[in-house]
Amino acid sequence: MNVDWFPGPILLITLGGACFESLLTRLDSRRLASTTGVETATREYLLDAAHDHSIYLWTRTIVFCTFFVFGGFATIDFFSRAWAGSFGWGETATGILFFLLLGILGQLLSLPFAIRHTFGLETRHGFNRTTLRTFVADRLKSYLLVLILGIPIGACVLALLQHSFFMAWLVWTAIELG
């Protein structure tokens, strides 16, 4: 572990955000459990979905904190720079590769939860008509869209960051708001 930096604020914000989201989910579940006028099957589905979301939330939070503290981001950065350097790519391409690798890791983490949600929770409650083939096709389409749209947008933002942080911030804010 690198002791030249202090991870406290980032970990505190991450854990605080997870605690807050968990509290909101719990309060929403309590309200839903006591609400009348909602179909029992719908209520049970929503309560089960909230429970599954809480498990995913805390898994994601623990994995992120562990990854952060033990230098996972530095490792991904090292591999991105080494791989991009071996092809002679510039800093923008290196940054895109860094974010693509992080995205792949994030998808590997979330995939079991998505499978459980689609083929476990939704099937158990009678909402699922998705086949494995459709599930895989939908995932592949979403990955393709990320490549087609995300790489050019990310490259523009990273290129702007190299020249003007303020301009990059304005562009990114416009994209997020738009």
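First things first, this report covers the structure right here in the doc.

Conventions we followed
- Residues numbered from 1 in each chain as written.
- Predicted model: local features only at pLDDT ≥ 70, side-chain atom pairs only at ≥ 80, totals over all residues.
- Heavy atoms only, no water.
- Helix = DSSP H or I, 4+ residues; strand = E, 2+ residues; numbered from the N terminus.
- Buried < 20%, exposed > 50% of the residue type's maximum accessible area, 1.4 Å probe, protein only.
- Contact = heavy atoms within 4.5 Å.
- Areas by Shrake-Rupley, 256 points an atom, 1.4 Å probe, with all protein chains shown as cover.
- Lys, Arg positive; Asp, Glu negative; His and termini not counted.
- Charge placed at Lys NZ, Arg CZ, Asp CG, Glu CD.
- Salt bridge = Lys/Arg side-chain N within 4 Å of Asp/Glu carboxyl O.
- Axes fitted to C-alpha atoms, helices over the stretch in contact; angles between N-to-C directions.
- Parallel < 35°, antiparallel > 145°, perpendicular 65-115°, else oblique.
- Nonpolar A, V, L, I, M, F, W, Y, C, P; charged D, E, K, R; others polar.

**Here we look at the overall build of the protein**
Step number 1: A tally of regular secondary structure across the protein gives six helices and zero strands.
Step number 2: Order of helices (α) and strands (β) in the protein, N terminus to C terminus: α-α-α-α-α-α.
Step number 3: Each principal axis of the C-alpha atoms in the protein carries an extent, and together these give about 60 × 40 × 35 Å.
Step number 4: The burial tally for the protein puts 24% of its 178 residues in the buried class.
Step number 5: Pairs at least 24 residues apart make up 63% of the contacts formed inside the protein by residues separated by at least 6 positions.
Step number 6: On the protein, roughly 12400 Å² of surface is accessible, and the fraction owed to carbon and sulfur atoms is 70%.
Step number 7: Here the protein carries 12 positive and 12 negative side-chain charges, and the mean point of each set is 7 Å from the other.

**Observations regarding the pattern of salt bridges**
Step number 1: Counted under the stated rule, the structure contains five salt bridges.
Step number 2: In this structure, Glu21 engages Arg60 in a salt bridge whose closest nitrogen and oxygen atoms are separated by 4.0 Å. Taken together, the residues span a long stretch of sequence, with Glu21 in helix H1 (residues 8-34) and Arg60 in helix H2 (residues 40-69) at a distance of 39 residues.
Step number 3: For Glu21, a relative accessible area of 27% translates into the label partly exposed.
Step number 4: Residue Arg81 pairs with Asp77 through a salt bridge whose shortest N-O separation is 3.0 Å. One end of the pair, Arg81, and the other, Asp77, are both in helix H3 (residues 72-87), four residues apart, so they sit about a helical turn from each other.
Step number 5: Taking the relative accessible area as the measure of exposure, Arg81 reaches 51% and is therefore exposed.

**A word on the packing of H2 against H3**
Step number 1: Running from amino to carboxyl end, H2 crosses H3 at an angle of 65°, the nearest separation of the two axes being 5 Å. Relative to H3, H2 is oriented roughly perpendicular. Here Phe64, Phe67 and Phe68 of H2 come into contact with H3, specifically with Gly72, Phe73 and Ile76.
Step number 2: Residues that form the contact of H2 with H3 fall into these classes: five nonpolar, one polar and no charged.

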